[in-house]
Amino acid sequence: MTRIVDDILQTLLDRDPPGQEIHREMDEYGDIIVTEHKQYRMLRFDELYEQSKVSMRAPASPIHHYIKAMLMAIAWREEGDVLLLGLGGGSLLRALHAYDPERRLDVVELRSRVLAVARSYFTLPEAGCVNYHIDDAGRYLRRVPMRRYGFIFSDLYSAFSMSPQQGTEAFLERCRDALCDGGWLVLNYLEMPHSQTLLYHALYRVFTDVFFCETGSGNVVIYASYATNAYRLQALQTQALRLSRDGVAEVGHLARYLTRL
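For clarity, every value in this text was computed on a predicted model and none was experimentally measured.

Draft legend 1. Molecular detail of the environment of Trp76. Looking at the secondary structure, you find Trp76 in the loop between α2 (65-71) and β5 (82-85). A sequence separation of 164 residues divides Trp76 from Ala240, and the C-alpha atoms of the two residues are 7.2 Å apart. Setting aside chain neighbours within four positions, we find Trp76 in contact with Trp184, Tyr223, Tyr231, Leu236, Gln239, Ala240 and Leu258.

Draft legend 2. The arrangement of unusual backbone geometry in detail. The phi dihedral of Lys38 falls on the positive side, at around 55 degrees, and the residue is not glycine. Looking at the element boundaries, Lys38 is found in the loop between β2 (30-37) and β3 (40-44). Residue class for Lys38 comes out exposed when judged on its relative accessible area of 71%. Despite not being glycine, Thr123 has its phi angle at roughly 45 degrees, a positive value. Considering the arrangement of structural elements, one finds Thr123 in the loop between α4 (112-121) and β7 (130-134). For Thr123, a relative accessible area of 41% corresponds to the partly exposed category.

Draft legend 3. Main features of the side chain of Asp27. Topologically, Asp27 is positioned in strand β1 (residues 20-27). According to the relative accessible area criterion, Asp27 is buried, its value standing at 12%. A distance of 2.9 Å separates a polar atom in the side chain of Asp27 from the backbone nitrogen of Tyr29. Of the polar contacts made by the side chain of Asp27, one reaches the side chain of Arg111; its length is 2.8 Å. Residues in contact with Asp27, not counting those within four places in the same chain, are Ile32, Arg111 and Arg113.

Draft legend 4. Looking closely at the confidence of the model for the protein. Per-residue confidence for the protein gives a mean pLDDT of 89; residues scoring 70 or more make up 92%. Low pLDDT, under 50, characterises residues 1-13; the predicted model gives this stretch 12 contacts beyond four residues in sequence or across chains.

Draft legend 5. Representation of the nonpolar core in the model. Trp76, Phe153 and Tyr223 are the most contacted members of the largest nonpolar core, which has 45 residues in total. Sorting elements by how many residues they give to this core places α2 first, with 5 residues. Leaving out residues up to four positions away in the same chain, Phe153 has contacts with Met70, Ala73, Ile74, Val82, Leu83, Leu84, Leu85, Leu92, Leu96 and Val186. Core analysis: the next-biggest nonpolar cluster, separate from the first, contains 31 residues, Val108, Tyr140, Val144 and Ala178 among them.

Cut-offs applied
- Numbers given for residues are sequential positions, taken from 1 along each chain in its written order.
- The predicted nature of this model means local features are confined to residues of pLDDT at least 70 and side-chain atom pairs, given and counted, to a pLDDT of 80 or more, with totals for whole chains, interfaces and linings taken over all residues.
- As a convention, hydrogens and water are excluded, and side-chain values are obtained from all of the structure's heavy atoms.
- Numbered from the N terminus, helices here are DSSP runs of H or I no shorter than four residues, and strands are runs of E no shorter than two.
- Whether two residues are in contact is decided by their heavy atoms: any pair within 4.5 Å suffices.
- Using a 1.4 Å probe on the protein chains alone, a residue whose accessible area is under 20% of its type maximum counts as buried, one over 50% counts as exposed, and one in between counts as partly exposed.
- Within 3.5 Å is the distance limit for a polar contact, defined as a pair of N or O atoms, with the added protein rule that one can donate a hydrogen and the other accept it, and that residues adjacent in sequence qualify only through two side-chain atoms.
- Note on scores: pLDDT gives the predictor's confidence for each residue, bounded by 0 and 100.
- Among buried residues, the Ala, Val, Leu, Ile, Met, Phe, Trp, Tyr and Cys ones that are joined through side-chain atoms within 4.5 Å form a nonpolar core.

What follows is the structure, encoded as structure tokens:
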């Protein structure tokens, strides 16, 4: 019962009214809408769902619950470049850059106008270590087979659905091949991959360690690694709490729900 109440309260905190529209345009994939409510600015691809949200008073602080859950992974490994597949309004990117301003960040976004709008309205970092690429995520992974990342964060969504490639074994394999030994693939996924699903079996064919965190807002964040030595759940939970202590993001609620798949 406590879990249910926590999830409901956090979901209500994550969401604001649609707010005042300050920008709208359309590309070949659909609408790109920017709205404001109080100190918050939101990116939307339709009239209902927030794709991204930023506090103009603290742009580097993540707001959405699933972004905080994805961010937990950076406490589990000290080194390694980062690849972000899917930009949105840049919530995860801003938090990662603030956490380590010297770390190389490669950002892949399919829609050039999403990148342009995010640069204009969502204070994206413009530093030499941050590289923006307009490309399809799968195509980008096929083009750079020699690069190895410490982290790959995949958050591939349109207005109404997740990109189908994000749940395929071929995509998982390309991500694994682009990771260092012990690196992490972090997926923002639609639902819990139960043992009867193709994704569940694909994850364990491709990776040695798989964990998940139900965020309470409908999404599930999946963490997968191919490591010589297995990771321990309790150690990962303890390490994640460092982000709260360091003021990076409040993840204490989420760390309790981290579970091995």
